[in-house]
Amino acid sequence: MSNGRFSALPYWACVIGLVVLVECHLVVRALPFPYTPDSASYLDDAVRILADSGLGEPPSHGVPAPNPLFPPGFALSIAALGLLGFDLHLAAMLIGTASALAVPVLLVMAFRRVLDPTARVVLAAAVVTTPSFLTQSLLGLSDLFALALGLGSIGLVFQGQRYSSLALAGVLAGCAYAVRNAHAALLLAFLGYFAIALYRNCEPRRTECLRALVFFAGVGAIVLPLLMRNLATFGAINPYVMGPSTIDVITNARTMLQEYVFDLSGVRPLAIYLAWSVPGLAFLAILAGTLGWRCRGLLMRLDARSQRALLLCVLYATIGSAMVVVARSRFEWGEPINVRHTLQYSPFWFAAGLLLLRGCAPLLPSGGFSARRMAWGLTLVVLALHLVYLVNFDGPARFNALRAAAANTAWEAGQAIVCNTRRKVISNWPHVFRIGCGVPTAPLGEGARLQEMIVSMQRERPHEEWMIAIFPGRTGFGPEGFPLPASQRELLERTGVAFVLNESRGVIMLLDPRPR
């Protein structure tokens, strides 16, 4: 018994070391304003949930309307912590931080029946040093929470022989969908997973059917009330509707490929070259074809449990990637595909690679300059590149810090004025004031021209009182444009605006209604 515990000691020491590494990253690279426009939507929904339930004070500026673009799972979690006395802004960060710290532990636990301890530590180390993880872990968003729920669900399916474990796995999968609707890919992957298992008779047919029914009963316990809520609130089961996309499918597919290469390697120039050059695409096509050819019979070398794990990893990552590309090609998100959209799937590409490596290991020679050593050498190179990216995270960290500092400047400059107005507010930093003081703030479009915008507002909404708050660092307004020069100020004043603030930190103007 003591020998078993001693052999497990280095393994758990590595896992704890990864958790400490994540904690150090979160502390050292913490942002002064770790929120985004999506964070504002989640916090608005949390405020509305507490107000509608009578468990929280309604905000002075009115209860925010439900947002059809964001499922309620993350907002419900924030509201639950709010009931325990936590500030809602802090609650959003606590959920993200706890999820980030849990991911390495969930990874090694989820794959413990299909990967050896060394491979599981390698998997966890590779995932927590990806650009997507390092970037998203610093923000008050739902991404890591959804990833943690997905890992918990997949781990229980891999390991759970009891029906109670499968039911809990279904509940966690449903919760992941309730947090991020992109996790419809996870539900579809599980549907394919159980269907293929049933077709291949991996278990007695009756047992396999019961396993699938129990799992999807757990999913239904969460998803069905969510769909009914969508129908009652928005009049549609799936209310996710945005304007038509301005980016075509091919461009989005190549961007997704670029972000995957970047996330898996940590080398941005390599990702750009492989995704956007003819030689790079040819190399990836040849590599994919070669691997596909060599791995034809490899699945049969794996045991049944590893085969099913590999199947689920590949199904989920493939369906999820396809859904991202299709959704971005159909709807205008306001941002291109980036590593945020690879975060949910990169861990499973890594896991699939390690499962294949495990399957081919017995077939490879172990001496000299063997294929086995080359495979593990490539794995170590990827880990080394990730560690280099982690150490040299200053570039992305500086960008995030500058953006957070600009948001903080906007808050400091406009807080006293914007938070105390009864006018309608439009700003290029709308989420700052929605988060900071709950003021409903309309977004100012990218590259907006002030004079044209004011004339348009006077024409379309002539009887409304507006406050226009513009600050450096977003939507095309750079610090060099502040304060506005006297000539531009005079030009704007002729349109009917009155200046409240005009300094290097920002510009705030009042637009009064025209006489009826």
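## Notes on the nonpolar core
Formed by 128 residues in total, the largest nonpolar core has its most connected members in I78, F111, L123 and F190. With 10 residues, the single largest contributor to this core is helix α4 (residues 88-110). Not counting residues within four places of it along the chain, the set of residues in contact with F190 comprises S153, I154, V157, A173, F215, F216 and L312. Within the second largest apolar cluster, 18 residues are counted, among which are L450, I454, I468 and F477.

## Focus: a nonpolar patch on the surface
Taken together, the side chains of W12, I16, V20, V105 and M109 define a hydrophobic patch exposed on the protein surface, amounting to about 410 Å² of accessible area. Put simply, the parts of the chain that give the nonpolar patch at least two residues each are α1 (2-28) and α4. Tallying contributions element by element places α1 first for the nonpolar patch, with 3 residues. As for its placement among the helices and strands, V105 is situated in helix α4. Classification of V105 by relative accessible area gives partly exposed; the value is 31%.

## Quick word on the pairing of strand β3 (residues 466-470)
Walk down a regular strand and you will see the side chains alternate between the two sheet faces. Most of β3 is tucked away, with 5 of its 5 residues classed as buried. The sheet contact formed by strand β1 (residues 424-427) and β3 spans 4 bridges and is parallel. Pairing of I426 across the sheet is with I468, part of β3.

## Things to note about the pattern of salt bridges
Tallied over the entire structure, the rule returns 13 salt bridges. Where D143 meets R180, a salt bridge forms, and the shortest distance between an N and an O atom there is 3.5 Å. Here R180 lies in the loop between α8 (163-179) and α9 (184-199) and D143 lies in helix α7 (residues 143-159), a separation of 37 residues in the sequence. In terms of burial, D143 and R180 fall into one category: buried. Here R308 makes a salt bridge to E208, at a shortest N to O gap of 3.1 Å. Taken together, the residues span a long stretch of sequence, with R308 in helix α14 (residues 304-330) and E208 in helix α10 (residues 205-234) at a distance of 100 residues. Both residues of the pair, R308 and E208, belong to the buried class. Shared partners join several salt bridges into a network, and the residues in it are D38, D143, R180 and R340.

## Comments concerning unusual backbone geometry
Most peptide bonds take the trans configuration, and most residues that are not glycine carry a negative phi. Look at the link from F482 to P483: it is a cis peptide, with omega at -10°. Within the secondary structure layout, P483 lies in the loop between β3 and α20 (486-494).

## As for the packing of helix α11 (residues 249-265) against α14
For the pair α11 and α14, the least separation of the axes is 9 Å and the interaxial angle reads 135°. In this view, α11 runs oblique relative to α14, as classed from their interaxial angle. Every pair of crossing elements has a handedness; the one defined by α11 and α14 is right-handed. Contacts between α11 and α14 involve V249, N252, A253, M256 and Y260 on the former and, on the latter, A317, S321, V324, V325, R328 and S329. Of the residues assigned to the contact of α11 with α14, the class counts are 7 nonpolar, 3 polar and 1 charged.

## A word on the environment of L90
Take L90: it is sitting in helix α4. Taking the C-alpha atoms as reference, L90 lies 8.9 Å from I78; in sequence the two are 12 residues apart.

## Regarding the state of the cysteines
One covalent bond between the sulfur atoms of two cysteine residues makes up a disulfide. One pass over the full model with this rule turns up 1 disulfide. Through a disulfide, C419 is tied to C437; the S-S separation comes to 2.1 Å. The sign of the S-S torsion, about -80°, decides the handedness of the disulfide formed by C419 and C437: left-handed. Highlighted residues: C419 in the loop between α17 (394-418) and β1 and C437 in helix α18 (residues 430-437), separated in sequence by 18 residues. Since its relative accessible area comes to 23%, C437 is described here as partly exposed.

## Side note on the pairing of strand β5 (residues 506-511)
The buried fraction of β5 is high, at 6 of 6 residues. Every second residue of β5 is oriented toward a common face, with G506, I508 and L510 on one face and V507, M509 and L511 on the other, all of them buried. Alignment of β3 against β5, held across 5 bridges, turns out to be antiparallel. From the neighbouring strand, W466 faces β5, where its bridge partner is L511. In this structure, strand β4 (residues 497-503) lies alongside β5, joined through 6 bridges in antiparallel fashion.

## Some thoughts on the sheet that holds β5
Pairing is mixed across the open sheet formed by 5 strands, whose spatial order is β2-β1-β3-β5-β4. The open sheet has two edge strands with one neighbour each: β2 (441-443) and β4. Within the sheet, the average angular offset between the axes of one strand and its neighbour, ignoring direction, is 20°. Pairing analysis gives 3 bridges linking β1 to β2, with the strands arranged parallel. Following the sheet pairing, I426 is matched in β2 by A442. Where helix α19 (residues 450-460) meets the sheet, its contacts fall on β1, β3, β4 and β5, and the angle it forms with β3 comes to roughly 165°.

## Structural notes on the packing of aromatic side chains
Pairs of aromatic rings are described using the distance from one ring centre to the other and the angle between the two planes. All chains considered together, the criterion is met by 20 aromatic pairs. A centroid spacing of 6.0 Å and a plane angle of 65° characterise the contact between F194 and F216, whose relative ring orientation is edge-to-face. Linking F194 in helix α9 with F216 in helix α10, this pair joins segments that are 22 residues apart in sequence. For F194, a relative accessible area of 4% translates into the label buried. Cluster of aromatic residues (ring-pair linked, three or more members): F190, Y193, F194, F215 and F216. Across from the ring centre of F262, 3.9 Å away, lies the NZ or CZ of R268, which sits over that ring.

## Thoughts on α7
The end-to-end C-alpha separation of α7 is 24 Å, in line with the 24 Å expected for 17 residues at 1.5 Å each. Most of α7 is tucked away: 16 of the 17 residues are buried.

## Topic: the environment of C209
Positionally, C209 belongs in helix α10. Overall, the relative accessible area of 32% leaves C209 in the partly exposed class.

What counts, and at which threshold
The written sequence of each chain sets the order in which its residues are numbered from 1. This being a predicted model, a pLDDT of at least 70 is required before a residue's local features are given, and a value of 80 or more before pairs of side-chain atoms are given or counted; all residues contribute to the totals for chains, interfaces and linings. To get the side-chain values, take all heavy atoms of the structure and skip hydrogens and water. As used in this record, nonpolar core signifies buried Ala, Val, Leu, Ile, Met, Phe, Trp, Tyr and Cys residues forming a set joined through side-chain atoms within 4.5 Å. Summary of the burial criterion: residues with accessible area below 20% of their type's maximum are buried, those above 50% are exposed, and those between are partly exposed, where the area comes from a 1.4 Å probe applied to protein chains only. Runs of E in the DSSP output that reach at least two residues are strands. Runs of H or I that reach at least four are helices, and both are numbered from the N terminus. Note on contacts: a residue pair qualifies if any of its non-hydrogen atoms lie within 4.5 Å across the two residues. Each patch is assembled from residues with relative accessible area greater than 30% and no salt bridge, linking like charges that lie within 9 Å and nonpolar side chains (Val, Leu, Ile, Met, Phe, Trp, Tyr) that lie within 5 Å. Here the Shrake-Rupley method, with its probe set to 1.4 Å, supplies the accessible areas, and only the displayed protein chains count as covering residues. The salt bridge criterion pairs a side-chain nitrogen of Lys or Arg with a carboxyl oxygen of Asp or Glu, the two atoms within 4 Å. The criterion for strand pairing is that DSSP finds at least two bridges linking the strands in question. All axes are obtained by fitting lines to C-alpha atoms, using only the stretch in contact for helices, and the reported angles, taken between N-to-C directions, cover 0 to 180 degrees. Orientation labels follow simple angle bins: below 35 degrees gives roughly parallel, above 145 gives roughly antiparallel, 65 to 115 gives roughly perpendicular, and whatever is left gives oblique. Helix crossings fall into two classes, left-handed where the near helix is turned counterclockwise from the far one by less than a right angle and right-handed where it is turned clockwise. Side-chain classes are defined by residue name, with Ala, Val, Leu, Ile, Met, Phe, Trp, Tyr, Cys and Pro counting as nonpolar, Asp, Glu, Lys and Arg as charged, and the others, Gly among them, as polar. We call a pair of cysteine sulfur atoms a disulfide whenever their separation is within 2.5 Å. Any two of the Phe, Tyr and Trp rings considered here, Trp counted by its six-membered ring, make a pair once their centres fall within 6.5 Å; the pair's planes then place it as stacked at under 30 degrees, edge-to-face at over 60, or tilted in between. Counting as a charge over the ring demands two things of the Lys NZ or Arg CZ atom: a distance within 6 Å of the ring centre and an angle within 35 degrees of the ring normal. The length a helix should cover is 1.5 Å for every residue beyond the first.

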